[in-house]
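Fold and geometry: a report
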Amino acid sequence: MASKKEEVRRKHIRLHMESALTARDKVGVQDFVLLDAYTSESAFLDNLRKRFSENLIYTYIGTLLVSVNPYQELGIYTVSQMELYQGVNFFELPPHVYAIADNAYRMMCSELNNHFILISGESGAGKTEASKKILQYFAVTCPMTESLQIARDRLLLSNPVLEAFGNAKTLRNDNSSRFGKYMDIQFDFKGIPVGGHIISYLIEKSRVVYQNQGERNFHIFYQLLEGGEEELLAYLGLERDPQLYKYLSQGHCAKESSINDKNDWKTVSNAFSVIDFTEDDLENLYGIIASVLHLGNICFEANQQGCASIPDTHEIKWIAKLLGVNPWVLLEALTHRKIEAKTEEVICPLTLELSAYARDAMAKAVYGRTFTWLVNKINSSLVNKDFTGKTVIGLLDIYGFEVFDKNGFEQFCINYCNEKLQQLLIERTLKAEQAEYEMEGIEWEPIQYFNNKIICDLVEERHKGIISILDEECIRPGPATDLSFLERLEEKVGKHAHFQTRKLAGPKGRKRIGWMEFRLFHYAGEVTYCTKGFLEKNNDLLYRHLKEVLCRSKNRILKECFRVAELENRRRPPTVGTQFKNSLSSLLEILISKEPSYIRCIKPNESKEPSKFDVFLIRHQIKYLGLMEHLRVRRAGFAYRRKYEHFLQRYKSLCPDTWPHWHGPPAEGVERLIKYIGYEPEEYKLGRSKIFIRFPRTLFATEDAFEFSKHQLVARIQAMYKGCLERRAYVRKRQAAIKLEAHWRGALARKEAKRRKWAVQIIRKFIKGFINRNKPLCPDNEEFIVFVRKNYILNLRYHVPENVLDKSWLRPPGLLENMQQKVVTSEIFRGKKEGYAESLNQPFADSRIDEGDINPKVLQLISSEKIQYGIPVIKYDRKGFKTRQRQLILTQKAAYVVELAKIKQKIEYPALKGVSTSSFSDGMLVIHVSPEDNRQKGDAVLQCKHIFEAVTKLVMLAKKENLVNVVQGSLQFYISPGKEGTIVFDTGPEEQIYKDKNGQLTVVSGRVWGGGGVSSFK
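Considerations on the overall build of the protein
If you tally the helices and strands in the protein, you get 36 helices and 31 strands. Its C-alpha atoms give the protein a radius of gyration of 42 Å, more than 25% over the compact-globule value 31 Å for 1018 residues. Counting only C-alpha atoms, the protein reaches 145 × 90 × 65 Å along its principal axes. For the protein, buried positions account for 50% of its 1018 residues.

See the structure below:
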């Protein structure tokens, strides 16, 4: 059943591969690298449009996946689809997010290294959905145990919790991630997911207190009001109507038809229970969410002195209750500011504007730190207590390059992040390309590309970069404003080629830059930033008076978020820009240590309609995602590369030499194939394991020829089948005629058959004997060998030596050479070495090693000599007696001790001084060499299973049968000039070989009782 299922699966794969290239006119190419006009943005867009119109939302650029959000269900994320992509070569199936996930997983398991998948794109492009699909793929396809089921569920359910607290409806996306997320999925050595860890980046805290028209606050506020039980809302002092809360009503779209807050609340509540949140945790968490809503409803009025006051303390009391703080202390902190001098503290009243700032700063600080606590809480539930080695696959769901009509501090940080990630992408892509070229032995041609390090330095360089200048402006004494910050930028970096302001721009550019704006020329194009709010957002200060209130909160979560130690630290906290720069630096360190995969998500239209392809919008995203630059780098060398085996399997029908079967090496088959097709030298290169095709048109021409060849093959098959039908009809008629003649010829034929049968049996017996002549004596060869022996002995009477000293006997036939070798073995070992008698009935083999088992490099080194015999041996080092697996190869001229592709020792027969073995049943032999021969390292100490055979073959080839020495007790062997070693032989209850205290090699042989034991060394 399983094999049938696998066969169906492979059939699907073949069908996908067949249709991928041949349907290119209709649905485009599935890899942008195969575009002929790869530098043309229009060709890129046209290919993307073709595929999108056929609901093919995924396309590759090499190993980078481009994903277009379809805004509809396509039915391509089923379990059967997951199984189809599981364990399949990356390019065998059409592009899919599952292919990226499976490739990262398989590489991680096979190479035991860490990977990451970087998912980026505009809000609404489908980044969050892509990360969900990858998590679901791992959950379904990875091996799983019951004990690790909880870890898997927590990993999956961490998503809805983080989405509730970190996602919101924007103009571009109903479920937009307003923070960057990096998640490590940890796997054990079996590839089972055992835990995880999440890092969040730059949550958009400003959304808590302000939303644009048509946008909402974070989902959790609406989910709590819509789905929370009546008792819970009463406890929190909340009403169901979100319009009652200032922080939820500014966008005028609290209710959204595409969002079901009630169902989402159930999902989040279920996730809380699985992720191990306690009742106390949830009570404190809901209290914080409610307190933020109450904070937004605090209204300030000016008193007689023009200072801020809070006439209605209803909201203050609820906040004090939920956060566990003193209401009057909170009231004072919201309307007054504590200023510390050297020896005293002064309480100063705040204006209406500053009080509103303090309120919003408190709301942002409370929510931002609670989100960080939430991530840490999830991490503690995902942590794996087993500290054995683990590999990880990281998922980076990060904001893409953003360009709006008005770009502020957030876009500046996001685009700086994308600059760094683009730098990493291009460097890693170039490095991977260069590594593949070097591995395949193809000359690397340097690729010209835009190195955006100059822009990264402009933003992040210490003391000189924009972030450093912004920090200096935030802390310098005197009145610092956004305008003074812009002036400092003009002074410090005004001469930079990628920086421009209205003052520095030319007459044409000046019209498009405001007085409070500056422009940066990013890798993806120019972006104009408005400096208004830069200082405030970078400072993100919470007044000390408010911080003291929060540090004394009885809410357990706030206690962890606002430590009393903060109050003792008089140092200014790092700015938001510096924090982001540092966290980005840490992220890049994590990514650099891992193998990368990339997914670039594209939003096809602003209205979220299926099948609508907005060319202007998509062109904009292609530019800001750096896809053309990446394609240019990827195509700078060769457009198509494929392993020889796969290329030959597909196109072998195009060449008569390779069709239907090629029996040689695949590389030679491919070379024969492309010469027959007519590839020009500049169109391809042959690597060590792959063919590299430079131009897509070459591949397409090959594919078209293959299509034509398929039609020819079909016509030939049809002709063969029709011929077969006609032959069957003819055979039936002929058989009918023959049957009439058969009876009267039968008797004669049977008589003739009987005589022939006898002759055939006799001939067959001798042919069978001839075929099996070299095997041990058996019924198949017994008569033939007896016949050959008889003939040989009868012929001896005509070739008897003239005298006793004449040893020139008649040379026996090949199958009787064993007899001659056995005679030599008898002269050497009979009565001298245990196990000889038992070896008599075992014929000698021509060799114990096939030529295919010998490394081609060794064969090349000794190609001038014919190999006569080979056997696996264990070599003992002359000094430390460490064992090494070797091969002993004998030729007409010398004996070779071989390690894989190296000849460790060559002993020419004239330099052979002798061969020593022990009288026991061990397999030890020492090949002695002449100490005067400087080319020799010393005597070779070896052990082999077929000792009698190996020694006999060696001395017969060397023609030194009289130099074999069978020793008793011990023997000396030559190590180096003036230095000898000793081998001591003994018997014992079991065989063992070891180095004794005296530094001698002791060989203990098993006892042979009564002389009838069988030794394993023959």
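Looking at the confidence of the model for the protein
Per-residue confidence for the protein averages 84 on the pLDDT scale, and 93% of its residues sit at or above 70. The secondary-structure element of the protein with the lowest mean pLDDT is helix H1 (residues 2-22), recorded at 47, while helix H13 (residues 279-296) shows the highest, at 93. Confidence drops under pLDDT 50 across residues 9-22; counting only partners more than four residues distant or on other chains, this segment forms 30 contacts. For the stretch residues 1009-1018, pLDDT sits under 50, and the model shows 25 contacts to residues farther than four places along the chain or on other chains.

Overview of the sheet that holds strand S15 (residues 525-530)
The 3 strands lie next to each other as S13-S14-S15, forming an open sheet whose pairing is antiparallel. Each edge of the open sheet carries a strand with a single partner, namely strand S13 (499-501) and S15. On average, each strand axis in the sheet is tilted by 25° relative to the strand beside it, whichever way the strands run. Across 6 bridges, the pairing between strand S14 (residues 517-522) and S15 is antiparallel. Residue pairing in the sheet places Glu517 in a bridge with Cys530 of S15.

With respect to the nonpolar core
If you look at the biggest cluster of nonpolar residues, it comprises 115 residues, and the most contacted ones within it are Phe138, Phe165, Phe221, Phe272 and Met362. Those residues in contact with Phe138 that lie beyond four places of it in its chain are Ala101, Tyr105, Ile185, Phe187 and Ile393. Judged by nonpolar contacts, the second largest core, of 84 residues, contains Phe44, Phe401, Val493 and Ile602.

Considerations on unusual backbone geometry
If a residue is not glycine, its phi is most likely negative; likewise, a peptide bond is most likely trans. The omega torsion across Trp659 and Pro660 is 0°, close enough to zero to call that bond cis. Residue placement: Pro660 occurs in the loop between helix H29 (644-651) and helix H30 (666-677). Not every positive phi belongs to a glycine, and His252 is a case in point at roughly 55°. Structurally, the position occupied by His252 is in the loop between helix H11 (246-249) and helix H12 (261-274). Taking relative accessible area as the criterion, His252 reaches 56% and is therefore assigned exposed.

Remarks on empty space enclosed by the protein
Summed over all chains, the structure comprises 6 cavities of 30 Å³ or more. Contributing to the lining of the largest cavity are Thr128, Asn159, Leu162, Glu163, Asn167, Ser177, Phe179, Lys181 and Asp397. Ranked by the residues each element gives to the lining of the largest cavity, the list is headed by helix H7 (residues 149-166), at 3 residues.

Topic: the side chain of Gln411
Relative to the elements of secondary structure, Gln411 occurs in helix H17 (residues 409-440). If we skip the residues at most four places from it in the chain, Gln411 touches Glu402, Phe404, Lys406 and Tyr529.

Quick word on H12
Its 14 residues give H12 an end-to-end C-alpha distance of 20 Å, which sits within 8% of 20 Å, the value for a rise of 1.5 Å per residue. Those residues of H12 that fall on the buried side of the exposure criterion are Asp261, Trp265, Val268, Ala271 and Phe272. Projected onto a plane normal to the axis of H12, the buried residues spread over an arc of 125° and lie on a single side. Taken from the residues just after H12, Asp276 is the one with a positive phi, measuring 80°.

Observations regarding the sheet that holds strand S28 (residues 970-976)
Strands sit in the order S28-S29-S31-S30 across an open sheet of 4 strands; the sheet is mixed. Bordering the open sheet on either side are S28 and strand S30 (992-995), each of which pairs with just one other strand. For this sheet the average axis-to-axis angle between neighbouring strands, irrespective of direction, equals 20°. In this structure, S30 lies alongside strand S31 (residues 1001-1006), joined through 4 bridges in antiparallel fashion. Each residue of the ladder has a partner; that of Gln992, found in S31, is Val1004.

Examining the packing of aromatic side chains
For the structure on display, the rule yields 35 aromatic pairs. On the numbers, 5.5 Å between centres and 85° between planes, the contact of Phe409 with Phe534 is edge-to-face. Of this pair, Phe409 sits in helix H17 while Phe534 sits in helix H22 (residues 534-539), and the two are 125 residues apart along the sequence. An identical accessibility class is assigned to Phe409 and Phe534; each is buried. Site record: aromatic cluster; members linked through ring pairs are Phe409, Phe412, Phe485, Phe499, Phe518, Tyr529 and Phe534. The cationic tip of Lys133 hangs over the ring face of Tyr77; the distance from NZ or CZ to the ring centre is 4.5 Å. Its guanidinium or amino end placed over the ring of Tyr222, Arg216 lies 4.0 Å from that ring's centre, counting from NZ or CZ.

Concerning the packing of helix H6 (residues 127-141) against H7
Between H6 and H7, the shortest axis-to-axis distance is 10 Å and the interhelical angle comes to 165°. Between H6 and H7, the angle falls in the class roughly antiparallel. Along this stretch, H6 crosses H7, giving a crossing that reads as left-handed. Between H6 and H7, the contacting residues are Thr128, Lys132, Leu135, Gln136 and Ala139 on the first element and Arg152, Leu155, Leu156, Asn159 and Glu163 on the second.

Things to note about a nonpolar patch on the surface
Residues Ile763, Ile767, Phe770 and Ile771 make up a contiguous nonpolar surface patch of roughly 420 Å² in combined accessible area. Inspection of the secondary structure puts Ile767 in helix H31 (residues 696-771).

Notes on the pattern of salt bridges
When the charged atoms of two side chains lie near each other, side chains of opposite charge can form a pair. For the coordinates displayed, the defined rule picks out 42 salt bridges. A salt bridge links Arg544 to Glu548, with the nearest nitrogen and oxygen atoms 3.7 Å apart. Separated by 4 residues within a single helix, Arg544 and Glu548 lie in helix H23 (residues 544-551), roughly one turn from each other. By relative accessible area, Arg544 is classed as partly exposed at 23%. According to the relative accessible area criterion, Glu548 is buried, its value standing at 9%. We note a salt bridge from Glu752 to Arg756, for which the minimum N-O separation is 3.1 Å. With a gap of 4 residues between them, Glu752 and Arg756 both fall in helix H31, about one helical turn apart. According to the relative accessible area criterion, Glu752 is partly exposed, its value standing at 29%. Overall, the relative accessible area of 52% leaves Arg756 in the exposed class.

With respect to the side chain of Lys581
Along the polypeptide, Lys581 turns up in helix H26 (residues 576-592). Although buried, Lys581 forms no salt bridge, and the nearest oppositely charged side chain, Glu460, lies 6.5 Å from it.

A short note on the packing of helix H9 (residues 219-227) against H13
Here H9 crosses H13 at 100°, and the two axes come no closer than 11 Å. On the basis of the axis angle, H9 is roughly perpendicular to H13. On the side of H9, the interface is formed by Ile220, Phe221, Leu224 and Leu225, while H13 contributes Ile289, Val292 and Leu293. In terms of residue class, the contact of H9 with H13 is made up of 7 nonpolar, no polar and no charged.

Details of the environment of Ala432
Within the element layout of this structure, Ala432 appears in helix H17. Classification of Ala432 by relative accessible area gives partly exposed; the value is 46%.

Conventions we followed
- Per-chain numbering applies: the sequence of each chain, read as written, is numbered from 1 onward.
- Per-residue local features of the predicted model are confined to residues with pLDDT of at least 70, and side-chain atom pairs are confined, for both listing and counting, to 80 or more; whole-chain, interface and lining totals are unaffected and use all residues.
- Working from all heavy atoms in the structure, the side-chain values ignore hydrogens and water.
- Per the convention used, a helix needs a DSSP run of H or I reaching at least four residues, while a strand needs a run of E reaching at least two, with both numbered from the N terminus.
- This radius of gyration counts C-alpha atoms alone. The globule rule is 2.2 Å times how many residues there are, raised to the power 0.38.
- Classification of residues uses two cut-offs on accessible area relative to the type maximum, computed with a 1.4 Å probe and protein chains only: under 20% is buried, over 50% is exposed, and between them is partly exposed.
- For every residue, the predictor reports its confidence as pLDDT, a number between 0 and 100.
- Whether two residues are in contact is decided by their heavy atoms, any of which lying within 4.5 Å being enough.
- Strand pairing is assigned whenever DSSP detects at least two bridges linking the two strands.
- Axis angles are defined between N-to-C directions and span 0 to 180 degrees, where every axis is a line fitted to C-alpha atoms and, for a helix, only to the segment in contact.
- Among buried residues, the Ala, Val, Leu, Ile, Met, Phe, Trp, Tyr and Cys ones that are joined through side-chain atoms within 4.5 Å form a nonpolar core.
- Here a cavity denotes grid points, spaced 1 Å and computed from the protein atoms alone, that fit a 1.4 Å probe unable to get out, and a pocket denotes an open set having protein on both sides within 12 Å along at least 5 of 7 lines; residues with an atom within 4 Å of a point are the lining.
- Grid points are joined across faces, edges and corners, and a volume is the space filled by probe spheres set on the points.
- Working rule for helices: expected span equals 1.5 Å times residues minus one.
- The directions considered for the arc run from the helix axis to the C-beta atoms.
- Here a pair means two rings of Phe, Tyr or Trp (six-membered ring of Trp) with centres within 6.5 Å. Their orientation is stacked below 30 degrees between planes, edge-to-face above 60, and tilted elsewhere.
- By the criterion adopted, a ring carries a charge over it if an Arg CZ or a Lys NZ lies within 6 Å of its centre and within 35 degrees of its normal.
- Put simply, angles under 35 degrees are roughly parallel, angles over 145 are roughly antiparallel, angles from 65 to 115 are roughly perpendicular, and the rest are oblique.
- Each helix crossing is assigned a hand: it is left-handed if the near helix lies turned anticlockwise from the far helix by less than a right angle, otherwise right-handed if that turn is clockwise.
- A patch consists of residues exposed above 30% relative accessible area that lack any salt bridge, with like charges linked at up to 9 Å and nonpolar side chains (Val, Leu, Ile, Met, Phe, Trp, Tyr) linked at up to 5 Å.
- Accessible surface area values rest on a Shrake-Rupley calculation with a 1.4 Å probe, where residue burial reflects the displayed protein chains alone.
- What counts as a salt bridge is simple: a side-chain nitrogen of Lys or Arg found within 4 Å of a carboxyl oxygen of Asp or Glu.
- Neither His nor the chain ends is counted toward charge; the positive residues are Lys and Arg and the negative residues Asp and Glu.
- Only Asp, Glu, Lys and Arg are considered charged in this grouping, and only Ala, Val, Leu, Ile, Met, Phe, Trp, Tyr, Cys and Pro are considered nonpolar; every other residue, Gly among them, is considered polar.

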